[in-house]
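Given next are the chains, with one letter for each unit.
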Amino acid sequence: MRAHEAGALHADLGGSRGPSWLRTPGDVNALVPILWPKTVKRDDLTGAITVAGVDVNKIAEQHGTPAYIFDEADFRERCRRFKEAFGGADVYYAGKAFIATAIVRILVEEGLFLDVCTGGELAVALQGGMPPERLGLHGNNKSTSELSRAVEAGVGRIVVDSFDEIDRLTRIARDTGKTPKVMIRVTVGVEAHTHEYIATAHEDQKFGFSLAGGAAERAAERILAEGVLELRGLHSHIGSQIFDSSGFEVAARRILGLQAKIHEKCGVELPELDLGGGFGIAYTTQDNPAEPADLAGDLMRIVKQECAALHLSVPHLSVEPGRAIVGPAMFTLYEVGTVKDVDGIRTYVSVDGGMSDNIRTALYDAAYSATVAGRTSTEPPILARVVGKHCEAGDILVKDEFLPADVRAGDLLAVPGTGAYCRSMASNYNHVPRPPVVAVADGASRVIVRRETEDDLLRLDVG
Ligand SMILES: Cc1ncc(COP(=O)(O)O)c(C=O)c1O
Ligand SMILES: N[C@@H](CCCC[NH3+])C(=O)O
């Protein structure tokens, strides 16, 4: 029996963040549906996890570990649920969560729009065949080159974020004779209830034009007065991994207040409104995210009510979910390399990846769960910490989880909920090559982003 068994530890963890799930011998193998992509289950005979009918042991054999495993059917279903929920509104998938040409192709097929925020993401979007008019470009410091490329490609809307950018884009428009469509990113002053680093609408941060300070209104006046850019509407994004719709409500009220002011002062009713993304997902069983239909209902109701109160016509709405579409559609498959009991504290389970493939635990103190994936176990649960292979004590993937007491080197370990902001934020720390993304659908797997190799990294050195 390992250092910490579930029963004994439960009391110690009370009050602290604790594990996501107090496991008993019977349920240490359980897959809690809210955490896993829809086609994931355990095979009745072998106990191994399967995705779209493919055994993870086979995936590991074929593609190696670590690997991000993408459940295509799950992703498509989430695209459809958002699209249906928001009815006539446009759903811009936020590419920063995870983008690859294969993903873009699926988005095109599912009729979604796409939000990109750098020249690199724009290149992937165009390579994947997204019609440029269905693209939006974000960013607080877009370069002249990025803006020119977007204008040249005919990107549907550029969300302007500073007066410098308005100047830059105005010059490009004059030089090219084109009329870029723009929205204004407005900082509405909402303190979103999420980690400080991923909240984006309080006053003291780098994004957008301040509403309270009057910059947003001045930006609209300037764009309208110069008449070189086509002002389509206002944009607000309050942060990420948000569960509570009250922040969106306040944001919508404030931004529509500005819409009314612009109407009054400039005589223009802006035809579009974007309320951003940020809808939370379950990383552990303690998270309880809203359904897209409920979110959509709330947002659309607030916008309609507020427009009626302000005597405005209801603008064409759009939203930008990233995490809520791709986050739960992937899990990361690792192989356990070492298991170390630190007596009286916990068991450290080291896997063959780490903070280079998932920085979120180290960066945001994010909580994840994990399970032994290649088999089931009848052993009692022990409290484990899943860590990576990097030269860093903070290289933690899953802070607290109950794993079976016989977890051992060679086991496959799966961490769910890693579709968003894991591959897209991956690094080569310690010269560790980034893992591939393996898509699984209808009983077959295919690589959609190949594994990086040490040779790839060596080729960067030119000295
Ligand atoms: C402007 C903008 N839109 C959309 C998103 C997507 O957020 P999420 O992935 O939380 O839905 C972000 C990221 O926070 C963002 O900055
Ligand atoms: N990267 C963050 C969210 C920020 C999203 C982009 N504005 C995360 O992992 O949660």
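Residues numbered from 1 in each chain as written. Chains lettered and ligands numbered in written order. Predicted model: local features only at pLDDT ≥ 70, side-chain atom pairs only at ≥ 80, totals over all residues. Heavy atoms only, no water.

1. Considerations on helix α10 (residues 292–310)
Working step 1: With 19 residues, α10 should reach 27 Å at 1.5 Å per residue; the first-to-last C-alpha distance of 27 Å fits that figure.
Working step 2: Every buried residue belonging to α10 is among Pro292, Leu295, Ala296, Leu299, Ile302, Val303, Glu306 and Cys307, and all of these are buried. The arc enclosing the buried residues of α10, seen along the axis, measures out at 135°, which places them on a common side. In this structure, α10 carries Lys304, Ala308 and Ala309 as exposed residues pointing more than 90 degrees from its buried face.
Working step 3: Contact partners of the buried residues in α10: α3 (72–85), α9 (246–266), β12 (272–274) and β13 (316–319). (Helix = DSSP H or I, 4+ residues; strand = E, 2+ residues; numbered from the N terminus. Expected span 1.5 Å × (residues − 1). Buried < 20%, exposed > 50% of the residue type's maximum accessible area, 1.4 Å probe, protein only. Arc of directions from axis to C-beta. Contact = heavy atoms within 4.5 Å.)

2. A closer look at the sheet that holds strand β3 (residues 54–55)
Working step 1: Read across the open sheet, the three strands follow the order β1-β2-β3; overall the sheet is antiparallel. Among the strands making up the open sheet, the edge pair consists of β1 (41–42) and β3.
Working step 2: With two bridges joining them, strand β2 (residues 49–51) and β3 adopt antiparallel strand pairing. Paired with Thr50 across the bridge in β3 is Asp55. (Pairing = 2+ DSSP bridges.)

3. Observations regarding the UniProt feature "binding site: pyridoxal 5'-phosphate" (unreviewed entry) in the protein
Working step 1: In the numbering used here, UniProt assigns the feature "binding site: pyridoxal 5'-phosphate" (unreviewed entry) to Gly278, Glu320, Pro321, Gly322, Arg323 and Tyr421.
Working step 2: You can call Glu320 buried: its relative accessible area is 6%.
Working step 3: Filtering out sequence-adjacent residues up to four positions away, Glu320 remains in contact with Tyr92, Ala94, Asp115, His138, Arg157, His235, Asp274, Gly276 and Gly277.
Working step 4: Separated by 3.0 Å, the side chains of Glu320 and His235 make a polar contact.
Working step 5: Relative to the elements of secondary structure, Arg323 occurs in helix α11 (residues 323–326). (UniProt positions renumbered as here; feature names shortened; annotations may be inferred. Polar contact = N/O pair within 3.5 Å; in protein donor to acceptor, adjacent residues only side chain to side chain.)

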